Protein chains: 2
Amino acid sequence: MEIRACLFDVFGTVVDWRTSVSRDLAAFAAEKGIGGVDWLEFAVEWRKLYQPSMEDVRSGRRPFTILDVLHRESLVKLVERYRISALSESDVDHMNRAWHRLDPWPDAVPGLTRLKKKHIIAPCSNGNIALMVNLAKRAGLPWDCILGAETARAYKPMPDAYLNSCRQLGLAPAQVCMVAAHNNDLKAAKAQGLNTAFVARPTEHGPGQSTDLAPDAGCVDVPASDFVELAKKLGF
Amino acid sequence: MEIRACLFDVFGTVVDWRTSVSRDLAAFAAEKGIGGVDWLEFAVEWRKLYQPSMEDVRSGRRPFTILDVLHRESLVKLVERYRISALSESDVDHMNRAWHRLDPWPDAVPGLTRLKKKHIIAPCSNGNIALMVNLAKRAGLPWDCILGAETARAYKPMPDAYLNSCRQLGLAPAQVCMVAAHNNDLKAAKAQGLNTAFVARPTEHGPGQSTDLAPDAGCVDVPASDFVELAKKLGF
């Protein structure tokens, strides 16, 4: 079957969360006169709480809860651990929305713009709708619609995250291509019958990255060095 | 509070369903050699089954069911009533997707393009995600995301259709403006605390239209003659 839509992982694949979150928090800290925190380390520690926070939802221990709420709970834990005091509720809200202000990798907007001419393009991210909309608006990501955990009511890599997204587009999984820089995401999508494309993001985790440097042959249909090459390989 | 997002009714407000559906069906009928049907009347009859079909869901008699399914059930009834024979399942599917191929009013795309510079713009339609995505892609509607009945799991004018859409954008109702050509839609949105804008579509129902020719003063904050005037009134 012909591919009609491309779904995208976002954190790491479309945007550079590590640099963006640390830079955003460092700027806010400078403005507030908060010193003595390594904000790159802080961003990485925040991201480490990401999977465990979603695991509570995936396991059924907790009803579906959007990522903005999970992110904020993790942030409050870190603010305590780092003994950062004198933050108002509105300061914490602002810090939490650092995830709404992530910069795209340089090839993301040109690649998506090309892909959009032929295909439906949408995020299939664990980020919630408001996060994805604000991020896209600031970064100029030309999505046709916002899909993902909140619309599917399931966090990746649960099957429903992929299957409900295809269903909401009125498409069979074989008509959809999942694009990610993470092999585990693609493995889960492939298991549900989607096509898969791997785009390498070798600096997502910093200079010493050792994972996801290359596609796993078992779960990747289309490997690409960036979104522009991906667009060429998918017909533009 | 400042308006951050505009939500739009779509059928009648953004697109001309009556002319588009009848023209689409007439073209298909000509291709198939189906004669003797007044397709403008057929389109109007189809639309008459729209509110009753959603009422089954609103009342709780039926679990939430997307509009593509409700539209198809109504179409099957009409095909029988008009005694149109020799249609395959795929023919009926094609006819049903006439609602994915609606033409926008001439001011819709220029007005939305201006509004998008300052505000988040999204449909808040009873149409499902696939319908809205396919319609937008064909017509060039530059939505930031697709909201409405399917994401809210409620058909307008139920309160949740408006409230869940605001919540999914992370906004208070007072930060959102509902735009429609129908006073009853705006009355329901206003009752939930949204701002409201009325754009007149005096030929939606044909030359003899007698309803919704002017805004109801009680429920309309911003009256506008078209989307371009609306954009000017809302800051562009």
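Caption draft 1: Local environment of the overall build of chain A. Helix and strand counts for chain A come out as 11 helices and six strands. Against the globule reference of 18 Å for 236 residues, chain A gives a C-alpha radius of gyration of 18 Å, in line with a compact fold. Reported as C-alpha extents along the three principal axes, the dimensions of chain A are approximately 55 × 35 × 30 Å. A total of 236 residues make up chain A; the buried ones form 57% of that total. Sequence separation of 24 or more characterises 69% of the internal contacts of chain A that already satisfy a separation of 6 or more. For chain A, the exposed area adds up to about 9600 Å²; of that, 52% sits on carbon and sulfur atoms. Across chain A, the mean location of the 29 positive side-chain charges is 3 Å away from that of the 28 negative side-chain charges.

Caption draft 2: Looking closely at the packing of helix H2 (residues 39-48) of chain A against helix H4 (residues 67-81) of chain A. All names here are of chain A. Taken N-terminus to C-terminus, the directions of H2 and H4 make an angle of 130°; their axes are 9 Å apart at the nearest point. Viewed along their axes, H2 and H4 adopt a mutual orientation that is oblique. As H2 packs across H4, the resulting crossing turns out to be right-handed. On H4, the residues touching Phe42, Glu45 and Trp46 of H2 are His71, Ser74, Leu75, Leu78, Val79 and Arg81.

Caption draft 3: Just the interface of chain A and chain B, in detail. At the junction of the two partners, chain A supplies 18 residues and chain B supplies 18 residues. Roughly 1400 Å² of surface becomes buried between chain A and chain B when both sides are summed, with 60% attributable to carbon and sulfur atoms. Across the chain A-chain B interface, the total number found is two salt bridges. As a salt-bridge pair, Lys137 of chain A and Asp144 of chain B come within 2.7 Å of each other at their nearest N and O atoms. Linking chain A with chain B are eight residue pairs in polar contact (both at pLDDT 80 or more), by the criterion used here. Those elements that provide at least two residues to the side of chain A that touches chain B are helix H7 (129-139) and helix H8 (149-152) of chain A.

Caption draft 4: Broad picture of the relation of the copies chain A and chain B. Of the transformation superimposing chain A on chain B, the axial component is 0.0 Å and the angular component is 180°, with the fit at an RMSD of 0.0 Å. Here the symmetry operator amounts to a two-fold rotation axis. Considering only C-alpha atoms, the residue of chain A closest to the rotation axis is Cys145 of chain A, which sits at 2.2 Å. Most of the interface of chain A is mirrored in chain B, where 100% of its interface residues again form contacts.

Caption draft 5: Spotlight on the sheet that holds strand E3 (residues 147-148) of chain A. All names here are of chain A. Spatially, six strands are ordered E3-E2-E1-E4-E5-E6 in an open sheet, and the strand pairing comes out parallel. Edge positions in the open sheet fall to E3 and strand E6 (222-224), since each of these has one partner strand only. The sheet contact formed by strand E2 (residues 120-125) and E3 spans two bridges and is parallel. Residue pairing in the sheet places Cys124 in a bridge with Leu147 of E3.

Caption draft 6: Spotlight on the sheet that holds strand E1 (residues 5-8) of chain B. Residue and element names in this part refer to chain B. Reading across from one edge, E3-E2-E1-E4-E5-E6 is the order of the six strands in this open sheet, with parallel pairing throughout. Each of the sheet's edge strands pairs with one partner strand only, and the pair in question is strand E3 (147-148) and strand E6 (222-224). Looking at chain direction, strand E4 (residues 176-180) and strand E5 (residues 195-199) are connected through four bridges and run parallel. Considered in E5, the bridge of Cys177 is made with Asn195.

Caption draft 7: Quick look at the pairing of strand E5 (residues 195-199) of chain A. Residues and elements named next belong to chain A. Within E5, four of the five residues are buried, leaving the element largely enclosed by the surrounding structure. Assessed by its sense of winding, the connection that carries the chain from strand E4 (residues 176-180) through helix H10 (residues 183-191) to E5 is right-handed. Alignment of E5 against E6, held across three bridges, turns out to be parallel. Residue pairing for E6: Val199 is matched across the bridge by Ala224.

Caption draft 8: Molecular detail of helix H2 (residues 39-48) of chain B. Residues and elements named next belong to chain B. All of the buried residues in H2 are Trp39, Phe42, Ala43, Glu45, Trp46 and Arg47. The elements touched by buried residues of H2 are helix H1 (17-32), helix H3 (50-58), helix H4 (67-81) and helix H5 (89-96). Its side-chain oxygen 3.0 Å from the backbone nitrogen of Leu40, Asp38 forms the N-cap of H2.

Caption draft 9: Spotlight on the pattern of salt bridges. Summed over the entire model, instances satisfying the criterion amount to 34 salt bridges over all chains. Close ionic contact of Asp24 of chain A with Arg101 of chain A constitutes a salt bridge, the shortest N to O distance being 2.8 Å. One end of the pair, Asp24 of chain A, is in helix H1 (residues 17-32); the other, Arg101 of chain A, is in the loop between helix H5 (89-96) and helix H6 (108-118), with 77 residues separating them in the sequence. Taking the relative accessible area as the measure of exposure, Asp24 of chain A reaches 17% and is therefore buried. Measuring nitrogen to oxygen at the nearest pair gives 3.1 Å for the salt bridge that ties Asp91 of chain B to Lys32 of chain B. Here Asp91 of chain B is found in helix H5, whereas its partner Lys32 of chain B is found in helix H1, with 59 residues between them in sequence. Put simply, Asp9, Lys156 and Asp185 of chain A are held in one network by salt bridges that share partners.

Analysis parameters
- Residues numbered from 1 in each chain as written.
- Chains lettered and ligands numbered in written order.
- Predicted model: local features only at pLDDT ≥ 70, side-chain atom pairs only at ≥ 80, totals over all residues.
- Heavy atoms only, no water.
- Helix = DSSP H or I, 4+ residues; strand = E, 2+ residues; numbered from the N terminus.
- Rg over C-alpha atoms; globule rule 2.2 N^0.38 Å.
- Buried < 20%, exposed > 50% of the residue type's maximum accessible area, 1.4 Å probe, protein only.
- Contact = heavy atoms within 4.5 Å.
- Areas by Shrake-Rupley, 256 points an atom, 1.4 Å probe, with all protein chains shown as cover.
- Lys, Arg positive; Asp, Glu negative; His and termini not counted.
- Charge placed at Lys NZ, Arg CZ, Asp CG, Glu CD.
- Axes fitted to C-alpha atoms, helices over the stretch in contact; angles between N-to-C directions.
- Parallel < 35°, antiparallel > 145°, perpendicular 65-115°, else oblique.
- Left-handed = near helix turned anticlockwise from the far one by under 90°.
- Buried area = accessible area lost by both parts, 1.4 Å probe.
- Salt bridge = Lys/Arg side-chain N within 4 Å of Asp/Glu carboxyl O.
- Polar contact = N/O pair within 3.5 Å; in protein donor to acceptor, adjacent residues only side chain to side chain.
- Least-squares fit on C-alpha atoms with pLDDT ≥ 70 in both.
- Pairing = 2+ DSSP bridges.
- Right-handed = clockwise from strand over helix to strand, strands pointing away.

Spatial relationships are all this shows, so hold off on functional conclusions.
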